[in-house]
Every structure is written in C-alpha cells, then in structure tokens.
Amino acid sequence: MEDPTQREQASPEARQRVQASFDRQGLMAHLGARISHIGPGLVHIVLPARPEVTQQHGYFHAGATSAIADSAGGYAAHTLFPEGAEVLTVEYKINLLAPAVGDHLEAVGTVLRSGRTLTVCRLEVFGVQEDGERKLVASGQQTLIRVAEGER
C-alpha cells in the first residue's frame, strides 16, 4: 500500500489556493468530503460513508461518487494553473464499475495533459475498507477549461 507521506506535494501556494477554493464549495461541504492530498497534477478527495450519501440499496450514490471525481480532477488541473486562473469542467464521462461500498470513497484526479486552455484528467474512485483494502468502483475522463479570474 502506498505511503501517503511519500507522495510529492504541490507548492505551498498551490495547496493553499486549491484548499481555499475547495472550502468555498457548498456541495463538497454538504457531502462531508475533504481533500486528503494535493500534489502537482494530482488530488485525492475522501468521502466518509454516511446514510446521507447512499442510495436505496445502501451503496454510495452515483451522484456523490461522480461529484467527488469531478472535483478531484478539477483541482488536480488547478494545481498546474498560474495564480489568478480558475477551472471549470467542460465535460466528463464516468463508468461505475462496481457497487461503491466501504468505510469511505477516495477519488483521485490525475492530469493527463495540461494545455493553455484545455486540460484532460483521469478520474478514479476507490471504495476503501477500514483495513485499507481498496477496490476501484468508478473510472472516467474529464476535460476542463482554464479561465482567468473574473471570466466565469
């Protein structure tokens, strides 16, 4: 299992910028999600299991699974943007591969290509058990656009 202390960290400025933006997201707060890692082109978001984020069979709801995947990719892209740039999702596709169960979900957004305007990210969501066992429950791809502050 990967040691989180050995992951490369984004610059302090990028980490602060990403965390501040994440903290302004009402949906992530409503879901109870939190960022667990901010690296260059890589962000992990954790969503603890709670009845409020499940569907009728007790699995994590696809909407909650997709929301944390979308945010993880968006913030992964944002780590590579210059000061004053913002990010918006243009499109994303997610495949739900298995019922999302576990102590928590962990969404991992990874930049595949960062361009001047468009960025493409890989999205992965894992169901994580209390003992640390991880199972891939969703996989996808996302396209994001970089916008200057105030262009939103």
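Structure report, in brief. Residue numbers here run from 1 along each chain, matching the order of that chain's written sequence. In keeping with the predicted nature of the model, local features appear solely for residues at pLDDT of at least 70, side-chain atom pairs appear and are counted solely at 80 or more, and the whole-chain, interface and lining totals rest on all residues. Side-chain numbers come from the whole structure's heavy atoms, not from hydrogens or water.

This next bit is on the overall build of the protein. If you tally the helices and strands in the protein, you get three helices and six strands. Shown N-terminal to C-terminal, the secondary structure of the protein runs as helices and strands in the order α-α-β-β-α-β-β-β-β. The globule rule used for comparison is 2.2 Å times the number of residues to the exponent 0.38, while the radius of gyration itself is calculated over C-alpha atoms. Taken over C-alpha atoms, the radius of gyration comes to 15 Å for the protein, in line with the 15 Å a tight globule of 152 residues would show. Seen through its principal axes, the protein has C-alpha atoms that stretch 40 × 30 × 25 Å. At a minimum sequence separation of 6, the contacts of the protein that also span at least 24 residues come to 64%. Starting at the N terminus, helices and strands are each numbered in turn, a helix being any DSSP run of H or I of at least four residues and a strand any DSSP run of E of at least two. Any two residues whose heavy atoms approach within 4.5 Å at even a single point are treated as in contact.

What follows concerns the nonpolar core. In this structure, Ile45, Leu47, Ile68, Leu105 and Val125 are the most contacted members of the largest nonpolar core, which totals 37 residues. Per-element accounting of this core gives the leading share, eight residues, to helix 3 (residues 62–78). In this description, a nonpolar core means a group of buried Ala, Val, Leu, Ile, Met, Phe, Trp, Tyr and Cys residues linked to one another through side-chain atoms lying within 4.5 Å. For every residue, the accessible area obtained with a 1.4 Å probe (protein chains only) is divided by the maximum for its type, and the residue is called buried under 20%, exposed over 50%, and partly exposed between those limits.

Within a regular strand, side chains alternate between the sheet's two faces. Where strand 1 (residues 34–39) meets strand 2 (residues 42–48), five bridges bridge the pair, whose relative direction is antiparallel. The partner of His37 across the bridge, within strand 2, is His44. Two successive antiparallel strands, strand 1 and strand 2, enclose a turn made up of two residues, where Gly41 displays a positive phi of approximately 75 degrees. By the convention used here, strands pair only if DSSP detects at least 2 bridges between them.

Right, let's get into the sheet that holds strand 3 (residues 85–96). Picture the strands of a sheet paired through backbone hydrogen bonds; they go either parallel or antiparallel. Overall, antiparallel pairing links the six strands, which are arranged 1-2-4-5-6-3 in an open sheet. This sheet does not close on itself; its edge strands, each paired only once, are strand 1 and strand 3. Strand-to-strand twist across the sheet, computed as the mean angle between neighbouring axes with direction ignored, equals 20 degrees. Sheet analysis places strand 4 (residues 104–114) next to strand 5 (residues 118–128), joined by ten bridges and oriented antiparallel. Across the sheet, Val108 pairs through a bridge with Glu124, a residue of strand 5. Every axis in this analysis is a line fitted to C-alpha atoms, fitted for helices over the stretch in contact. Angles between the N-to-C directions lie between 0 and 180 degrees. Sheet contacts for helix 1 (residues 12–23): strand 1 and strand 2; angle to strand 1, the most-contacted strand, approximately 155 degrees.

Here the expected span of a helix is defined as 1.5 Å times the quantity of residues minus one. Its 17 residues place the ends of helix 3 24 Å apart at the C-alpha level, agreeing with the 24 Å of an ideal helix rising 1.5 Å per residue. Among the 17 residues that make up helix 3, 15 are buried, leaving the element largely enclosed by the rest of the structure.

This part is about the packing of aromatic side chains. The pairing test for Phe, Tyr and Trp rings, Trp by its six-membered ring, is centres within 6.5 Å, and the orientation test on the planes gives stacked under 30 degrees, edge-to-face over 60, and tilted for anything in between. With the rule as written, the count across this model stands at one aromatic pair. Between Phe22 and Tyr75, the aromatic rings sit 6.0 Å apart at their centres with planes inclined by 65 degrees, giving edge-to-face as the arrangement. Residue Phe22 is located in helix 1, and its partner Tyr75 is located in helix 3; the two are separated by 53 residues in the primary sequence. Placement of a positive charge over a ring is assigned whenever Lys NZ or Arg CZ falls within 6 Å of the ring centre and within 35 degrees of the normal to the ring plane. Across the ring face of Phe126, the terminal group of Arg134 is positioned such that the distance to the ring centre comes to 4.1 Å.

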